[in-house]
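Residue-level listing of the chains:
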Amino acid sequence: MNLILFGPPGAGKGTQAQRIQQKYGARQLSTGDMLRSECESGSDLGQMLKSILDAGQLVPDEVMVKLVAYAIQDDACAEGFILDGFPRTLGQAEALDEMLREIGRAIDHAIILEVDDGILLDRIRNRAAQTGGARSDDNAETLKKRLEVYHKQTKPVLPFYEKKGILRRIDGMAPMDDVTSQIDAVLGKKAAA
Ligand code: ADP
């Protein structure tokens, strides 16, 4: 089972991706986590990436597409994958489509966790407090930029999956376990079909 999880920063993609991974065996591929671990390595590439992440901007498509192509073809994704944070631009979505076609795979579901902007600032503030500010991009100023990028660049990707008939909208403002149940309903339907 191959999935994409969409949603604004703080929508809960990471939490839900982990739950799906545990239940269904598909592997979580968080591009944010991959980039942050490269940042921590202190390499030249990592330093360049950190300045992009801290500004709330997007890493160039070419870099992201290579990173994801490599991850998807790893044995860990033999039973499927859950893309968390990718694709974030139409260019990435088109490249993903092409890449999957070449290896004879396809996306089964694209799930969007819908959360109003007003709620996200509080969630990110809480996350920053709980993690002791572990993510240097979890601050009000960078969040504003991340949200703007989400609306301008990532939301326009949704019709691409809507046209394929695989986009499922979920209320990401419901309690976390309800969100999980809504996702299970989507994934379960497929299994029963
Ligand atoms: P969130 O969705 O909570 O904002 P992520 O952990 O998914 O956070 O991503 C953090 C940052 O990593 C983004 O703001 C962006 O700079 C970079 N990033 C992650 N995925 C991508 C991607 N697919 N394309 C470009 N940049 C990305």
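Fair warning: this is a prediction, and the values are worked out from it, not measured in the lab.

1. Describing the packing of helix α2 (residues 31-40) against helix α4 (residues 61-72)
Each packed pair of helices is defined by two parameters, the angle between the axes and the distance between the axes.
So, step 1. Across the interface, α2 lies against α4 with an axial gap of 11 Å and an inter-helix angle of 105°. When the interaxial angle is binned, α2 and α4 end up roughly perpendicular. Between α2 and α4, the residues in contact are T31, M34 and L35 and M64, L67, V68 and A71, respectively.
So, step 2. For the contact of α2 with α4, a count of residues per class yields 6 nonpolar, 1 polar and no charged.

2. Notes on the site of the ligand
So, step 1. Taken together, 20 residues lie near the ligand, and T31, R36, Q57, G85 and Q92 sit nearest.
So, step 2. In the model, a nitrogen atom of the ligand is placed 2.8 Å from a nitrogen or oxygen of the T31 side chain.
So, step 3. Taking Q92, its side chain carries an N or O atom lying 2.9 Å from a nitrogen atom of the ligand.
So, step 4. Relative to its free-state accessible area of 550 Å², the ligand is covered by the protein chains to the extent of 97%.
So, step 5. Top element by residues in the shell around the ligand is α2. It accounts for 4 residues.

3. Things to note about the pattern of salt bridges
So, step 1. Within the structure shown, the criterion is met by 15 salt bridges.
So, step 2. Two residues, D184 and K23, come together in a salt bridge whose shortest N-O distance is 2.7 Å. Placement of the pair is D184 in helix α9 (residues 176-192) and K23 in helix α1 (residues 13-24), with a sequence separation of 161 residues.
So, step 3. A residue is classified by how much of its surface remains accessible, and D184, at 24% relative accessible area, is partly exposed.
So, step 4. Classification of K23 as partly exposed rests on a relative accessible area of 46%.

4. Details of a negative patch on the surface
So, step 1. A surface patch of like charges, here negative, comprises D116, D117, D171 and D178.
So, step 2. Note on placement: D117 falls in helix α6 (residues 117-130).

5. Some words on the packing of α4 against helix α5 (residues 90-102)
So, step 1. Running from amino to carboxyl end, α4 crosses α5 at an angle of 35°, the nearest separation of the two axes being 10 Å. Considering only the axes of α4 and α5, their crossing is right-handed. Across from D61, M64, V65, A69 and I72 in α4, the residues of α5 making contact are G91, Q92, A95, L96, M99 and L100.
So, step 2. Taken together, the residues that form the contact of α4 with α5 break down as 8 nonpolar, 2 polar and 1 charged.

Conventions adopted
Residues numbered from 1 in each chain as written. Predicted model: local features only at pLDDT ≥ 70, side-chain atom pairs only at ≥ 80, totals over all residues. Heavy atoms only, no water. Axes fitted to C-alpha atoms, helices over the stretch in contact; angles between N-to-C directions. Helix = DSSP H or I, 4+ residues; strand = E, 2+ residues; numbered from the N terminus. Parallel < 35°, antiparallel > 145°, perpendicular 65-115°, else oblique. Contact = heavy atoms within 4.5 Å. Nonpolar A, V, L, I, M, F, W, Y, C, P; charged D, E, K, R; others polar. Near = heavy atom within 4 Å. Polar contact = N/O pair within 3.5 Å; in protein donor to acceptor, adjacent residues only side chain to side chain. Areas by Shrake-Rupley, 256 points an atom, 1.4 Å probe, with all protein chains shown as cover. Salt bridge = Lys/Arg side-chain N within 4 Å of Asp/Glu carboxyl O. Buried < 20%, exposed > 50% of the residue type's maximum accessible area, 1.4 Å probe, protein only. Patch = residues over 30% accessible without salt bridge, like charges linked within 9 Å, V, L, I, M, F, W, Y side chains within 5 Å. Lys, Arg positive; Asp, Glu negative; His and termini not counted. Charge placed at Lys NZ, Arg CZ, Asp CG, Glu CD. Left-handed = near helix turned anticlockwise from the far one by under 90°.

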